[in-house]
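Here are the chains, one letter per residue:
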Amino acid sequence: MRTLLILSLPLAAFGQSLPDPAVSIETQGAFRIVKANGIPNHPTGTFPNRGNPHRIQAQNHLYRLPLHPSQAAQLTPLERQPFGVALNGIPFDPNTAEFWNDDRRSGWRYAAMTGHLRLGTDQNHAHVQSTGAYHYHGIPTGLLRQLPGSDEETLLLVGYAADGFPIYVETSGEGPRPSYQLKEGLRPDGPGGAFDGRFLADFEYVDGLGDLDEANGTFGSTPEYPEGIYHYYLTDTFPFVPRYFKGTPDPSLRHRGRGPSGQRQLRNASEERSGPPRSALGPDQRGPRLPGAPPRR
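Computed from a predicted model, the values in this text were never measured in an experiment. (Residues numbered from 1 in each chain as written. Predicted model: local features only at pLDDT ≥ 70, side-chain atom pairs only at ≥ 80, totals over all residues. Heavy atoms only, no water.)

### Quick look at the overall build of the chain
A tally of regular secondary structure across the chain gives two helices and 16 strands. The buried share of the chain, reckoned over its 297 residues, is 52%. Counting only contacts in the chain whose residues sit at least 6 apart along the sequence, the fraction spanning at least 24 positions is 62%. For the chain, the accessible area works out to roughly 13,300 Å², and carbon and sulfur atoms hold 49% of it. (Helix = DSSP H or I, 4+ residues; strand = E, 2+ residues; numbered from the N terminus. Buried < 20%, exposed > 50% of the residue type's maximum accessible area, 1.4 Å probe, protein only. Contact = heavy atoms within 4.5 Å. Areas by Shrake-Rupley, 256 points an atom, 1.4 Å probe, with all protein chains shown as cover.)

### Some details on the environment of Tyr 136
For Tyr 136, the location among the structural elements is in strand β9 (residues 134-136). A C-alpha to C-alpha distance of 6.3 Å links Tyr 136 and Pro 91, two positions 45 residues apart in sequence. Here Tyr 136 is in contact with His 42, Ala 86, Asn 88, Ile 90, Pro 91, Phe 92, Asp 93, Pro 94, Asn 124, His 125, Ala 126 and Leu 143, once residues within four sequence places are set aside. In terms of polar contacts, Tyr 136 uses its side chain to reach the side chain of His 42, at 2.7 Å. (Polar contact = N/O pair within 3.5 Å; in protein donor to acceptor, adjacent residues only side chain to side chain.)

### Observations regarding the environment of Pro 40
Relative to the assigned elements, Pro 40 resides in the loop between β3 (31-36) and β4 (61-66). Of the residues examined, Pro 40 reaches a relative accessible area of 1% and is grouped as buried. When the C-alpha positions of Pro 40 and Leu 143 are compared, they lie 8.2 Å apart, and in sequence the two are 103 residues distant.

### Here's the deal with the pattern of salt bridges
All told, the structure shown has nine salt bridges when counted by the stated rule. The salt bridge partner of Arg 187 is Asp 202, with a shortest N-O separation of 2.8 Å. In this pair, Arg 187 sits in the loop between β12 (180-182) and β13 (203-205) while Asp 202 sits in the loop between β12 and β13, placing the two residues 15 residues apart along the sequence. Three or more residues are tied together by salt bridges with common partners; here these are Arg 187, Asp 196, Arg 198 and Asp 202. (Salt bridge = Lys/Arg side-chain N within 4 Å of Asp/Glu carboxyl O.)

### Remarks on the packing of aromatic side chains
How two aromatic rings sit relative to each other is set out by the distance from centre to centre and by the angle between their planes. Under the definition given, this model contains 14 aromatic pairs. Pairing Phe 47 with Tyr 134 gives two aromatic rings, centres 6.1 Å apart and planes at 75 degrees, and the pair type is edge-to-face. Of this pair, Phe 47 sits in the loop between β3 and β4 while Tyr 134 sits in strand β9, and the two are 87 residues apart along the sequence. Here Phe 47 and Tyr 134 have matching classes, each one buried. Members of the aromatic cluster, joined through ring pairs, are Phe 83, Phe 165, Tyr 230, Tyr 232 and Phe 245. Sitting over the ring of Phe 31, Arg 64 keeps its end group 4.4 Å from the ring centre. (Phe/Tyr/Trp six-rings, centres within 6.5 Å; stacked < 30°, edge-to-face > 60°. Lys NZ or Arg CZ within 6 Å of the ring centre and 35° of its normal.)

### Let's talk about the environment of Gly 38
Tracing the sequence through the fold places Gly 38 in the loop between β3 and β4. Its relative accessible area of 1% is what places Gly 38 among the buried residues. For Gly 38, the contacting residues outside a window of four places in its chain are Gln 59, His 61, Ile 90 and Tyr 134.

### Here we look at the pairing of β3
Put simply, side chains in a regular strand alternate between the two faces of the sheet. Two elements, strand β2 (residues 23-28) and β3, share six bridges in a ladder whose sense is antiparallel. Among the inter-strand pairings, Val 23 is bridged to a residue of β3, identified as Ala 36. Remark: two residues form the turn of the hairpin made by β2 and β3, two consecutive strands paired antiparallel; Gly 29 in that turn has positive phi of roughly 65 degrees. For β3 and β4, the ladder comprises six bridges, and the chain directions are antiparallel. Directly across from Arg 32, in β4, lies its bridge partner Leu 65. (Pairing = 2+ DSSP bridges.)

### Focus: the confidence of the model for the chain
Regions with low pLDDT carry predicted coordinates that are not meant to be interpreted in detail. Across the chain, the average pLDDT comes to 84, with 80% of residues at or above 70. In the model, residues 257-272 has pLDDT below 50 throughout and makes 47 contacts with residues more than four positions away in sequence or in other chains. (pLDDT = per-residue confidence, 0-100.)

In structure tokens:
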């Protein structure tokens, strides 16, 4: 077993009493094992706040990531799990638990980071689940400032995805572009109205539109992998955090149960509703109620 990283930094002022952040990243056989208490190593916004009623609480994060990832025959969509974990042990968990008319079967999941849903995210594009788990919905700006080379225009490794491939942020402002765009016209069903970015389904992937593939990644050389590796990007436009896996995600990020070391894992934060109660959403966010739909809360 070889320890890759152990991080324990003085806690910034969060406005509440919390333990110091702690994370270890170790190699065990064919896996990278991440253990963390879920406390960020940088200042956060104030929680609770108007859009996010939860307080940050220490967690028992335990993740197992393939050390030698390989590309799968087909993409795996992100669903009910974090996409990956940052080097400080905080999950990248971009999806929301909110669906139009509270109907998961509708296919119209509300999008975070597009300005249409009040989630109470802070300056790090992060907020808190009802479990107390702090997590990122976009580029973790506070973490970037803690990394070596953050004051340079460079490619920064910020974490690893559930399938083991590395996750990067290009800080030069001239990084690779996503290949997603808003659809044109009107939604054919559900909430109706124009495609405006309110829902994930408002966006479409167009091959060759940008530099990145459908999983918001590409193959190439990076500072940590000079011979080349498939790697993901966090971007400041949709999808912000990838919504597909190029490889096979390890189930340790998905299921509640025993982790690779036999320790009890908490349920992933993505299983919990992240934003304000539905009653706090405006009528345009909630959409018209379908006949026979359950009463809104």
